[in-house]
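# Structure at a glance
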Amino acid sequence: MIPYSATAEPQAAKPHATKPAAAAKPAPAKSAIKAPVPVEAQRAAVAVPVPEKKNPPPLAKELFGKPKVAADLSPRAIGSYAKGCLSGGVHLADNGPNWQAMRLSRNRAWGHPKLVKLLQRFAGEVKQDGWNGLLVGDISQPRGGPMLTGHASHQIGLDADIWLTPMPNRVLTRKEREEISATSMLDNTKLAVNPKVFTASHAAVIKRAASYLSVERVFVHPAIKKSLCETTKDDPNRAVWLGKVRPIWGHHYHFHIRIGCPNGGCEPQVPVKGDDGCGAEVTGWLKKVEASLKPPPPPKPGPEMGAAE
């Protein structure tokens with residue numbers, strides 16, 4: 001007998017489950033194919049952080065040029081005439097009985113109390129020399145220090161510029177004080193004074209300034225120094241004051257007085273030699289001035305001008 005299982009019809013085999021074949025993607029058009037990016041371009045595309053720009057710190061002359069009033073401290077000149085500052089400075093009034101301050105917009109009529117007191121005395125005493133009074137130029141900023149324009153010195157309140165134009169017999173307007181110019185004492189050669197302009201009264205005013213014990217220097221144009229040397233030969237005391245009168249560039253329309261250090265905080269100057277200073281120094285300075293007045297020589301021809309290499 002054949003078993004039932006052997007005679008039964010065999011069952012159909014179950015088909016294996018299969019995933020439908022994915023549809024083939026169409027080939028991209030030639031225009032859509034991207035060219036490979038060069039390595040250099042890839043590197044350039046990488047974002048590089050840009051360092052933040054920092055503003056440079058303000059210069060000293062900008063800081064010292066901002067204060068409108070002096071530091072409320074004890075009067076003291078600190079540092080050197082060309083590198084320092086001032087505390088406890090006082091303001092020379094715009095108008096006094098014998099002076100008028102010039103260029104008021106600069107706010108440079110501040111100085112050490114001893115200098116301001118000397119200027120007030122000086123302004124009154126020049127009447128003995130035939131002047132109504134003084135036109136006072138720059139002294140210092142409220143707290144001294146370097147200035148935005150003009151001077152290398154005047155930083156510790158011990159320097160003052162005095163115009164070689166006498167004070168008029170009326171009060172100048174503020175506009176006039178900003179616009180009028182001082183008068184040059186030089187003739188057309190720029191190497192000598194004009195005797196019609198630089199008079200005996202001018203010489204007397206400079207001598208008075210240099211005669212004060214507290215004044216250590218009076219800076220003038222070399223031509224003015226030479227004139228003083230030539231016109232004061234009979235003065236028995238000229239070595240005492242004329243040695244303080246020092247030739248320097250410019251200073252043909254004003255002279256510059258400088259007092260000595262009144263306290264222990266500033267650097268003193270080298271004392272003057274004690275002679276009248278009317279020798280080779282003046283001659284040397286005038287040679288420098290003469291050389292500066294000559295036009296510069298033409299440039300030497302180079303290859304671009306046709307010269308041989």
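Residues numbered from 1 in each chain as written. Predicted model: local features only at pLDDT ≥ 70, side-chain atom pairs only at ≥ 80, totals over all residues. Heavy atoms only, no water.

## Here's the deal with the packing of helix H7 (residues 222-231) against helix H9 (residues 280-293)
Viewed as axis vectors pointing N to C, H7 and H9 meet at an angle of 145 degrees, and their least axial separation amounts to 9 Å. The two elements H7 and H9 cross, and the hand of that crossing is left-handed. Each of Pro222, Ala223, Lys225 and Lys226 in H7 lies in contact with H9, whose residues at this interface are Val282, Trp285, Leu286 and Val289. Split by residue class, the contact of H7 with H9 holds six nonpolar, no polar and two charged. (Axes fitted to C-alpha atoms, helices over the stretch in contact; angles between N-to-C directions. Helix = DSSP H or I, 4+ residues; strand = E, 2+ residues; numbered from the N terminus. Left-handed = near helix turned anticlockwise from the far one by under 90°. Contact = heavy atoms within 4.5 Å. Nonpolar A, V, L, I, M, F, W, Y, C, P; charged D, E, K, R; others polar.)

## Some remarks on the environment of Leu134
As for its position among the elements, Leu134 is in strand E6 (residues 134-136). Leu134 sits in the buried class, given a relative accessible area of 0%. When the C-alpha positions of Leu134 and Pro97 are compared, they lie 9.9 Å apart, and in sequence the two are 37 residues distant. Apart from residues lying up to four places away in sequence, Leu134 is in contact with Asn98, Trp99, Gln100, Leu119, Phe122, Ala123, Val126, Ile162 and Met167. (Buried < 20%, exposed > 50% of the residue type's maximum accessible area, 1.4 Å probe, protein only.)

## Thoughts on the state of the cysteines
All told, the structure shown has two disulfides when counted by the stated rule. Between the sulfur atoms of Cys229 and its disulfide mate Cys278 the distance is 2.0 Å. Between Cys229 and Cys278, the disulfide has an S-S torsion of -85 degrees and is therefore left-handed. Highlighted residues: Cys229 in helix H7 and Cys278 in the loop between strand E10 (254-259) and H9, separated in sequence by 49 residues. Taking the relative accessible area as the measure of exposure, Cys229 reaches 8% and is therefore buried. At a sulfur-sulfur separation of 1.7 Å, the disulfide partner of Cys261 is Cys266. The disulfide joining Cys261 to Cys266 has a torsion of about 110 degrees about its S-S bond and is therefore right-handed. Counting its disulfide-bonded cysteines in sequence order, the protein shows a connectivity of 1-4, 2-3. (Disulfide = S-S within 2.5 Å.)

## Quick notes on the pairing of strand E2 (residues 83-87)
In terms of strand pairing, strand E1 (residues 76-80) meets E2 through five bridges, oriented antiparallel. Counted as the bridge partner of Ala77 is Leu86 from E2. Hairpin connection of E1 to E2: two residues between the antiparallel strands. (Pairing = 2+ DSSP bridges.)

## What to know about H9
Between the first and last C-alpha of H9 there are 20 Å, a value that for 14 residues agrees with the 20 Å anticipated at 1.5 Å per step. Residues Val282, Trp285, Leu286 and Val289 constitute the buried set of H9. The arc that holds every buried residue of H9, seen down its axis, measures 100 degrees, which confines them to one face. More than 90 degrees from the buried face of H9, the exposed residues found are Ala280 and Lys287. Looking at the packing, one finds that the buried side of H9 touches H7 and strand E9 (245-247). (Expected span 1.5 Å × (residues − 1). Arc of directions from axis to C-beta.)

## Side note on the pattern of salt bridges
Side-chain pairs of opposite charge can arise where the charged atoms are in close proximity. Summed over all chains, the structure comprises ten salt bridges. Notably, a salt bridge pairs Arg208 with Glu125, separated by 3.9 Å at the nearest N-O pair. Of this pair, Arg208 sits in helix H6 (residues 200-211) while Glu125 sits in helix H4 (residues 113-125), placing them 83 residues apart in sequence. With a closest N to O distance of 2.9 Å, Lys207 and Asp235 form a salt bridge. Here Lys207 is found in helix H6, whereas its partner Asp235 is found in the loop between H7 and helix H8 (238-242), with 28 residues between them in sequence. (Salt bridge = Lys/Arg side-chain N within 4 Å of Asp/Glu carboxyl O.)

On their own, these measurements won't tell you what the molecule is for.
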